[in-house]
Amino acid sequence: MMVRNGKPFSFDKSEINPNRKKASVKSTVMDVVIFLLVSAGYILQSIYYALFGKPKKDLYGELAMVTGGGGGLGRLLAMRLTKLGAKVIVWDINQDGIDETVKIVQSMGGFCKGYKVDISNKDQVYKYADLVREEVGEVSLLFNNAGVVSGRALLDTPDHLIERSFNVNILAHFWTTKAFLPSMLERDHGHIVTIASLAGHVGISKLVDYCSSKFAAVGFDEALRIELEYMGAHGVFTTVICPYFIQATGMFDDVHSRWVPTLDSNTVADKIIEAVQKNEKYAIIPGYLRAMLAIKWIFPWGCNSGFLRRLVPDATPQHAVTPVQTPNGVKLNGSSEHPLSADNNNTKSAPLLVHRLSTGERVL
């Protein structure tokens, strides 16, 4: 029994307008038909691009922000962006690394300015974002590249390192995106790049905190992209990068990997820039591992588990760190399990060699 105008009345289902029901069914059918036609168009477009290539956008004159740009992959990205005519801003926690990156880019004839910023601190992010706008201009390319990994079993990982993994690997993406996205939306022009990992799609032993943060990074990119589409921001793009273990970045140089070779950092940097130029939604590196991700949900868990445990038997560092000169003149020689360890950001190219100290972390 329901009340209308202060008087009780009963609701009779027969009172429902049959025309309204027909209109609702018709609308649903039309919506499904339109969805299928649009989907077919996207599939045909994808096939066309696969056969004839996808056009690349020009990055000349763009202002690119690269977090973790003081070494490793971040520095390689800064160098490639410079070659394409973009101006580069680098954020890092290592002042020596920042200075080296700025020096390299400027020697190439490019513009580069560096700031020492702890991106896990949102107040610092907002402060230096305002400073960048004031001193240089509006950022149009944001590379959320900085990352950390502890490489320990969950129960052996101190709480502060777990918190650090999430603060740097995913929460910092929120702060940097909130800092630079508004101006992109205002101009309907920009690109946000999330450097995630294949560890954002599959779990690996001794990388529980790292995988969790990278799963979050993959979800961050996808949800943000859908939100931008919903807002009608057709000129603001997002790309998520999911590479396998990368050599010479200081994070996974010594990971024990079978069957699939670890990746050359220069190759990964090239693939990232290409994905941005083509406005790719995601880049799996190497590309053939897409098939592995596709069949992950088809085969029983025992198959997936057995494959992953054999693919990466151990993600823990296997060798001692090369002795390095510290700021106070003391040399260290120990693994990253040591409370104070030296992280080699690039072991393959002398000009890109940067050592830094951390608390049991390997920093990208």
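Conventions adopted
Residues numbered from 1 in each chain as written. Predicted model: local features only at pLDDT ≥ 70, side-chain atom pairs only at ≥ 80, totals over all residues. Heavy atoms only, no water. Helix = DSSP H or I, 4+ residues; strand = E, 2+ residues; numbered from the N terminus. Buried < 20%, exposed > 50% of the residue type's maximum accessible area, 1.4 Å probe, protein only. Contact = heavy atoms within 4.5 Å. Areas by Shrake-Rupley, 256 points an atom, 1.4 Å probe, with all protein chains shown as cover. 1 Å grid on protein atoms, 1.4 Å probe; cavity = no way out; pocket = protein on both sides within 12 Å on 5 of 7 lines; lining within 4 Å. Points joined across faces, edges and corners; volume = space filled by probe spheres on them. Nonpolar A, V, L, I, M, F, W, Y, C, P; charged D, E, K, R; others polar. Core = buried A, V, L, I, M, F, W, Y, C linked by side-chain atoms within 4.5 Å. Axes fitted to C-alpha atoms, helices over the stretch in contact; angles between N-to-C directions. Parallel < 35°, antiparallel > 145°, perpendicular 65-115°, else oblique. Left-handed = near helix turned anticlockwise from the far one by under 90°. Pairing = 2+ DSSP bridges.

Enquirer: Go over the overall build of the protein chain with me, naming the residues and quoting the values.
Expert: When helices and strands are tallied, the protein chain shows 9 helices and 15 strands. Burial analysis of the protein chain (364 residues in total) assigns 48% to the buried set. Within the protein chain, contacts between residues at least 6 apart in sequence are counted, and of these 67% link residues at least 24 apart. As displayed, the protein chain offers around 18900 Å² of accessible surface, 58% of which is attributable to carbon and sulfur atoms.

Enquirer: Before we move on, could you go through the layout of surface pockets and cite the residues and values that matter?
Expert: What the largest pocket holds in volume is close to 1400 Å³. Going through the elements one at a time, helix H1 (18-52), helix H6 (208-231), strand E9 (236-243), helix H7 (265-277) and strand E10 (282-285) are the ones with two or more residues in the lining of the largest pocket. Tallied by class, the residues present in the lining of the largest pocket amount to 16 nonpolar, 9 polar and 10 charged.

Enquirer: Run through the nonpolar core, naming residues and quoting values.
Expert: Ranked by size, the top nonpolar core spans 85 residues in total, and within it Leu81, Trp91, Phe143, Phe180, Tyr244 and Ile272 carry the most contacts. Among the elements that take part in this core, helix H5 (residues 159-187) stands out by supplying 8 residues, more than any other.

Enquirer: Outline the packing of helix H2 (residues 72-83) against H7, supporting the account with residue identities and numerical values.
Expert: Interhelical geometry of H2 versus H7 gives an angle of 50° and a closest axis separation of 9 Å. Relative to H7, H2 is oriented oblique. H2 and H7 meet at a crossing whose hand is right-handed. Packed against H2, whose contacting residues are Leu73, Leu76, Leu77, Arg80 and Leu81, the element H7 presents Ser265, Asn266, Val268, Ala269, Asp270, Ile272 and Ile273 at the interface. Across the contact of H2 with H7, the residue classes tally to 8 nonpolar, 2 polar and 2 charged.

Enquirer: Go over the sheet that holds strand E6 (residues 141-144) with me, naming the residues and quoting the values.
Expert: Ordered by their spatial adjacency, 7 strands build an open sheet running E5-E4-E3-E6-E8-E9-E10, and the pairing between neighbours is parallel. Each having just a single partner strand, strand E5 (112-116) and E10 make up the two edges of the open sheet. Direction aside, the axes of adjacent strands within the sheet are offset by 15° on average. Sheet topology places strand E3 (residues 63-67) next to E6; 3 bridges connect them, and they run parallel. Paired with Met65 across the strands is Leu142, a residue of E6. Lying over the sheet, H2 contacts E3, strand E4 (87-92), E6 and strand E8 (190-195), oriented at roughly 170° with respect to E4. The strands touched by H6 are E8 and E9; relative to E9, the strand with the most contacts, the crossing angle is about 160°.

Enquirer: Mind laying out unusual backbone geometry, listing which residues take part and the relevant values?
Expert: Of the consecutive residues Ile285 and Pro286, the connecting peptide bond is found in the cis state with omega at 0°. The residue Pro286 is located in the loop between E10 and helix H8 (289-295) in this model. Of note, Asp188 is a non-glycine position whose phi angle comes to about 50°, a positive value. Positive phi, close to 55°, is recorded for Asn279, a residue that is not glycine. In this structure, Asn279 sits in the loop between H7 and E10. The exposure class assigned to Asn279 is buried, which follows from its relative accessible area of 17%.

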